[in-house]
Amino acid sequence: MSEESSRVETVLAHTCLLGEGPVWDVRTKSICWVDILNKQVHEYSTSRQLHRVINVESMPGAIALCRDGNFLVALKEGIAWVDRNTAHARILCHPEIHVTGNRFNDGKCDPAGRFWIGTMALSEEAGAGNLYMVENDLTWKLKLPGVSISNGMAWSSDFRTYYYIDTPTRQVAAFDFQMETGDISNRRIVLEIPSSEGFPDGMTIDTEGRLWVAHWDGWQVSCWDPLKGQKLRSIEFPASQITSCTFGGDNMNDLYVTSARKGLDEHALKRQPLAGSLFVVRGCGASGHAPFEFEIAGVR
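Bear in mind that the values here come from a model prediction, so they are computed numbers and not experimental data.

1. With respect to the overall build of the protein chain
Counting its secondary structure elements, the protein chain contains one helix and 25 strands. Its C-alpha atoms put the protein chain at 50 × 45 × 40 Å along the principal axes. Looking at the protein chain as a whole, 58% of its 300 residues qualify as buried. A separation threshold of at least 6 residues defines the contact pool for the protein chain, and within that pool the share at least 24 residues apart is 48%. Accessible area for the protein chain stands at about 12,400 Å²; split by element, carbon and sulfur atoms hold 47% of it. If you average the places of the 29 positive and of the 37 negative side-chain charges in the protein chain, the two averages end up 2 Å apart.

2. Description of the layout of surface pockets
Unfilled space is identified by rolling a water-sized probe across the atoms. In this structure, the largest pocket encloses a volume near 440 Å³. As for the largest pocket, its lining consists of 27 residues, of which Lys108, Thr204, Ala290, Pro291 and Phe292 are closest to the centre. Listed by contribution, the elements that provide at least two residues to the lining of the largest pocket are β3 (19-25), β7 (60-65), β11 (102-109), β15 (150-155), β19 (199-205) and β23 (242-248). Along the walls of the second largest pocket sit 18 residues, with Met120, Glu124, Ile149, Trp216 and Lys262 positioned nearest its centre.

3. Here's the deal with the packing of aromatic side chains
In this structure the tally under the stated criterion is eleven aromatic pairs. Aromatic pair Trp155 and Phe177: ring centres 6.1 Å apart, planes at 65 degrees, arrangement edge-to-face. Taken as a pair, Trp155 in strand β15 and Phe177 in strand β17 (residues 171-177) lie far apart in primary sequence, 22 residues in all. Trp155 gets classed as buried once you look at its relative accessible area, which sits at 6%. Classification of Phe177 as buried rests on a relative accessible area of 4%.

4. A word on the nonpolar core
Among the nonpolar cores identified, the biggest contains 31 residues, and Trp212, Val221, Phe237, Leu255 and Val257 are the most heavily contacted of them. Taken together, the elements giving at least two residues each to this core come down to β4 (30-35), β20 (211-216), β21 (220-225), β23, β24 (254-259) and β25 (279-281). In contact with Val221, not counting residues within four places along its chain, are Trp212, Val213, Ala214, His215, Arg233, Ser234, Ile235, Phe237, Ile242, Cys245, Leu255 and Val257.

5. Let's talk about the side chain of Gln171
As for its placement among the helices and strands, Gln171 is situated in strand β17. Given the relative accessible area of 19%, Gln171 is considered buried. A distance of 3.1 Å separates polar atoms of two side chains, one belonging to Gln171 and the other to Glu192. Look past the residues within four positions of Gln171 in its chain and what remains in contact with it is Tyr164, Ile165, Asp166, Arg187, Ile189, Leu191, Glu192 and Pro200.

6. Focus on the side chain of Lys143
Mapping Lys143 onto the fold places it in strand β14 (residues 140-147). Using a relative accessible area of 14% as the deciding quantity, one classes Lys143 as buried. For Lys143, the contacting residues outside a window of four places in its chain are Trp116, Leu131, Tyr132, Met133, Gly182, Asp183 and Ile184.

7. Examining unusual backbone geometry
One non-glycine residue with positive phi stands out, namely Lys39, at about 60 degrees. Within the secondary structure, Lys39 sits in the loop between β4 and β5 (40-45). One non-glycine residue, Asn186, lies in positive phi territory at about 55 degrees. Along the chain, Asn186 turns up in strand β18 (residues 184-192). Take Asn186: its relative accessible area is 47%, and that puts it in the partly exposed class.

8. Quick notes on the sheet that holds β18
A sheet is described by the order of its strands in space; here four strands give the open sequence β15-β16-β17-β18, paired in antiparallel fashion. The open sheet has two free edges, formed respectively by β15 and β18, since each of these has just one partner strand. Neighbour to neighbour, the strand axes of the sheet diverge by 25 degrees on average, direction disregarded. Pairing of β17 with β18, which is carried by six bridges, proceeds in the antiparallel orientation. Across the sheet, residue Phe177 finds its bridge partner in β18, namely Ile184.

Basis of the calculations
- Residues numbered from 1 in each chain as written.
- Predicted model: local features only at pLDDT ≥ 70, side-chain atom pairs only at ≥ 80, totals over all residues.
- Heavy atoms only, no water.
- Helix = DSSP H or I, 4+ residues; strand = E, 2+ residues; numbered from the N terminus.
- Buried < 20%, exposed > 50% of the residue type's maximum accessible area, 1.4 Å probe, protein only.
- Contact = heavy atoms within 4.5 Å.
- Areas by Shrake-Rupley, 256 points an atom, 1.4 Å probe, with all protein chains shown as cover.
- Lys, Arg positive; Asp, Glu negative; His and termini not counted.
- Charge placed at Lys NZ, Arg CZ, Asp CG, Glu CD.
- 1 Å grid on protein atoms, 1.4 Å probe; cavity = no way out; pocket = protein on both sides within 12 Å on 5 of 7 lines; lining within 4 Å.
- Points joined across faces, edges and corners; volume = space filled by probe spheres on them.
- Phe/Tyr/Trp six-rings, centres within 6.5 Å; stacked < 30°, edge-to-face > 60°.
- Core = buried A, V, L, I, M, F, W, Y, C linked by side-chain atoms within 4.5 Å.
- Polar contact = N/O pair within 3.5 Å; in protein donor to acceptor, adjacent residues only side chain to side chain.
- Pairing = 2+ DSSP bridges.
- Axes fitted to C-alpha atoms, helices over the stretch in contact; angles between N-to-C directions.

Spelled out as structure tokens, the structure:
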């Protein structure tokens with residue numbers, strides 16, 4: 001296991017309060033992410049070096065790319081289609097419309113283009129959240145009830161395994177995944193994060209099937225072999241609250257990493273002034289797949 005930090009760079013001179021959910025857009029060569037507490041969607045064009053901010057007036061837990069080039073954004077008020085150019089938002093559905101004390105947290109599209117999105121209590125009450133799968137026609141199914149802080153997810157390259165994180169468990173769970181239906185079964189624990197290394201937050205997977213896990217209160221992204229439960233590598237960052245990661249860049253071998261400065265006092269911020277930054281590790285030694293996209297029936 002190697003510890004690295006020398007190749008960590010900040011992407012731009014901007015810090016988020018709670019940066020999360022990075023997604024690489026291969027069409028525009030842009031990295032997109034959210035600042036949940038500042039109610040913003042961010043987009044940075046690496047080719048044009050242009051930073052755009054969409055103010056969404058509601059906490060965005062996660063974003064996904066739509067096949068029409070716009071965003072699917074999990075706002076507190078519901079799953080919304082957001083026009084990338086005008087910032088116009090249209091609420092499409094809401095699996096927890098009557099649960100006022102919850103918000104959406106992490107989410108991604110699966111290989112069939114369905115949107116998986118989790119919830120959590122604003123109070124972080126244990127067991128108050130759920131995991132849902134939203135179909136193309138905007139109907140949804142409850143996939144996992146009673147989760148606490150629904151977070152990272154990834155699918156294996158053969159689309160037969162779904163990986164999932166409920167952060168307070170400090171575990172990564174794996175499920176058998178049925179591509180045609182989205183059914184998950186046969187839950188088992190494949191990774192355990194030591195308490196000394198913080199909590200597992202967001203997650204991505206590389207083309208070799210290794211899981212890359214962001215550590216909240218752990219100053220790192222770790223790389224694991226989920227078949228052996230073995231930690232292979234760790235990349236250290238100059239921020240304690242590392243929230244999520246994804247692959248991007250021309251060859252999909254740059255690792256983009258979000259972070260937060262939520263709850264850090266003056267003393268902590270002096271120690272980690274870059275907390276809340278979007279980081280990148282170029283040519284990180286692994287590569288990922290382009291993200292799956294969502295096509296919303298009836299929306300043009």
